[in-house]
Amino acid sequence: MSGARAGVPEDYDPSAFEPFAVTVDLAVFTVREGRLHVLLVERGQEPYRGAWALPGGFVLPRESAGQAARRELAEETGLSERTAGALHLEQLRTYSDPDRDPRMRVVSVAYAALVPDLPEPHGGGDAARARWVESGAHGPLAFDHDRILADACERVGAKLEYTCLATAFCPPEFTLGELRQVYETVWGVELDRPNFRRKVLTTPGFVRALEGPPRRTGGRGKPAALYRAGTATTLHPPLLRPDRPEGRTT
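Residues numbered from 1 in each chain as written. Predicted model: local features only at pLDDT ≥ 70, side-chain atom pairs only at ≥ 80, totals over all residues. Heavy atoms only, no water.

### Quick look at the overall build of the protein
Then comes step 1: In terms of regular secondary structure, the protein is built from five helices and nine strands.
Then comes step 2: Traced from its N-terminal end to its C-terminal end, the protein shows the element sequence β-β-β-β-α-α-β-β-β-α-α-α-β-β.
Then comes step 3: With respect to the principal axes defined by its C-alpha atoms, the protein has extents near 75 × 45 × 35 Å.
Then comes step 4: Counting only contacts in the protein whose residues sit at least 6 apart along the sequence, the fraction spanning at least 24 positions is 66%. (Helix = DSSP H or I, 4+ residues; strand = E, 2+ residues; numbered from the N terminus. Contact = heavy atoms within 4.5 Å.)

Now the structure itself:
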């Protein structure tokens with residue numbers, strides 16, 4: 001077929017269409033000192049040089065958006081490829097406003113990640129610095145990243161109600177108090193401890209109790225039992241968030 005690719009008409013002209021790029025952006029959350037934190041990078045290049053932004057970058061010609069997300073996360077934060085590859089990434093949505101990037105038409109596929117506390121990151125690639133910042137305690141972000149971050153926060157809060165995603169914030173072995181703190185931090189509410197414990201332990205597959213002597217103490221009271229994430233991915237029934245107290249937000 002005279003050089004034409006199989007299934008592509010010979011009169012097809014790619015140059016007839018305006019080119020555009022595809023990027024990935026990542027909203028990575030963790031719980032530190034009882035507060036929700038998000039991973040931000042300081043841009044080392046224009047546009048928005050010196051501004052804080054979500055980690056991310058351009059998708060290369062021979063990689064998927066998911067592969068690009070993990071590569072950019074490792075490159076811009078200094079996390080090892082192994083650590084970045086093990087994180088739970090969930091596709092959030094696509095952002096395609098024509099003027100969202102001053103360089104050219106850029107469509108971004110955004111991801112949200114929920115991780116246990118990780119070592120301090122450091123900048124790499126086109127990021128001058130990287131750091132964990134308390135959610136809501138940062139200034140305006142580059143591009144449309146404030147919108148992406150707001151959407152990610154809302155998605156995370158909602159998904160905690162009907163999935164087992166909260167365990168992704170916890171270390172491999174955790175107490176029910178640590179799991180409860182994840183919900184309280186993300187939702188911005190205080191939960192009734194006995195009621196929370198009952199709901200978690202009566203939900204099939206939510207958590208799995210560890211056998212044997214290893215137990216963790218908080219310095220007071222009796223030692224706390226340790227658990228691991230169970231095999232379930234969804235919660236039946238869902239763990240619905242209580243009404244937010246007046247003046248409190250997530």
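After that view of the structure, there is still more to cover.
### Describing the packing of aromatic side chains
Then comes step 1: The full count for this structure, using the stated rule, is four aromatic pairs.
Then comes step 2: Both rings, one in Tyr-183 and one in Phe-196, keep their centres 5.6 Å apart while their planes meet at 65 degrees; by these two values the pair is edge-to-face. Of this pair, Tyr-183 sits in helix α4 (residues 176-187) while Phe-196 is found in helix α5 (residues 193-202), placing the two residues 13 residues apart along the sequence. The residues Tyr-183 and Phe-196 share a single accessibility class, namely buried.
Then comes step 3: Three or more aromatic residues link up through ring pairs in this structure, and these residues are Tyr-183, Trp-187 and Phe-196.
Then comes step 4: Positioned above the aromatic ring of Trp-52, the side-chain terminus of Arg-131 is 4.3 Å from the ring centre. (Phe/Tyr/Trp six-rings, centres within 6.5 Å; stacked < 30°, edge-to-face > 60°. Buried < 20%, exposed > 50% of the residue type's maximum accessible area, 1.4 Å probe, protein only. Lys NZ or Arg CZ within 6 Å of the ring centre and 35° of its normal.)

### Topic: helix α3 (residues 145-162)
Then comes step 1: Taking 1.5 Å per residue, 18 residues should reach 26 Å; α3 reaches 26 Å between its end C-alpha atoms and fits that length.
Then comes step 2: Buried residues along α3 sit in contact with β1 (21-32), β2 (35-43), β3 (52-53), β5 (88-95), β6 (106-114) and α4. (Expected span 1.5 Å × (residues − 1).)

### Some remarks on the environment of Pro-223
Then comes step 1: Relative to the assigned elements, Pro-223 resides in the loop between β8 (207-209) and β9 (227-229).
Then comes step 2: Residues Pro-223 and Thr-175, spaced 48 residues apart in sequence, show a C-alpha to C-alpha distance of 9.9 Å.

### Comments concerning the pattern of salt bridges
Then comes step 1: Under the criterion given, the structure shown has 15 salt bridges.
Then comes step 2: Close ionic contact of Arg-71 with Glu-63 constitutes a salt bridge, the shortest N to O distance being 2.6 Å.
Then comes step 3: Here Glu-184 and Arg-180 are joined by a salt bridge, their closest N and O atoms 3.5 Å apart. Remark: Arg-180 and Glu-184 occur in helix α4; sequence separation between them is four residues, near one turn of the helix. For the residue pair Glu-184 and Arg-180, the accessibility class agrees, reading buried in each case.
Then comes step 4: Through salt bridges that share partners, Glu-63, Arg-71, Glu-72 and Glu-75 make up one connected network. (Salt bridge = Lys/Arg side-chain N within 4 Å of Asp/Glu carboxyl O.)

### Observations concerning the packing of α4 against α5
Then comes step 1: Contact geometry of α4 with α5 gives a least axis separation of 11 Å together with a crossing angle of 105 degrees. If you check the angle between α4 and α5, you find them roughly perpendicular. Contact residues: α4 offers Leu-176, Leu-179, Arg-180 and Tyr-183, while α5 offers Arg-193, Phe-196, Arg-197, Val-200 and Leu-201.
Then comes step 2: In the contact of α4 with α5, the residues fall into six nonpolar, no polar and three charged. (Axes fitted to C-alpha atoms, helices over the stretch in contact; angles between N-to-C directions. Parallel < 35°, antiparallel > 145°, perpendicular 65-115°, else oblique. Nonpolar A, V, L, I, M, F, W, Y, C, P; charged D, E, K, R; others polar.)

### A few points about the confidence of the model for the protein
Then comes step 1: Confidence in the prediction of the protein, expressed as mean pLDDT, is 87, and 90% of residues score 70 or more.
Then comes step 2: This stretch, residues 245-250, has a pLDDT under 50; its non-local contacts, to residues over four places away or in other chains, come to eleven contacts. (pLDDT = per-residue confidence, 0-100.)

### So, α4
Then comes step 1: For α4, which comprises twelve residues, the first-to-last C-alpha distance of 17 Å matches the rise-based estimate of 16 Å (1.5 Å per residue) to within 8%.
Then comes step 2: Counting buried residues in α4 gives nine out of twelve residues, a clear majority hidden from the surface.
Then comes step 3: Within α4, the full set of buried residues consists of Leu-176, Leu-179, Arg-180, Val-182, Tyr-183, Glu-184, Thr-185, Val-186 and Trp-187.
Then comes step 4: Contacts from the buried residues of α4 go to β1, β2, α3, α5, β8 and β9.
Then comes step 5: Positioned one or two residues after α4, Gly-188 has a phi angle of 70 degrees, which is positive.

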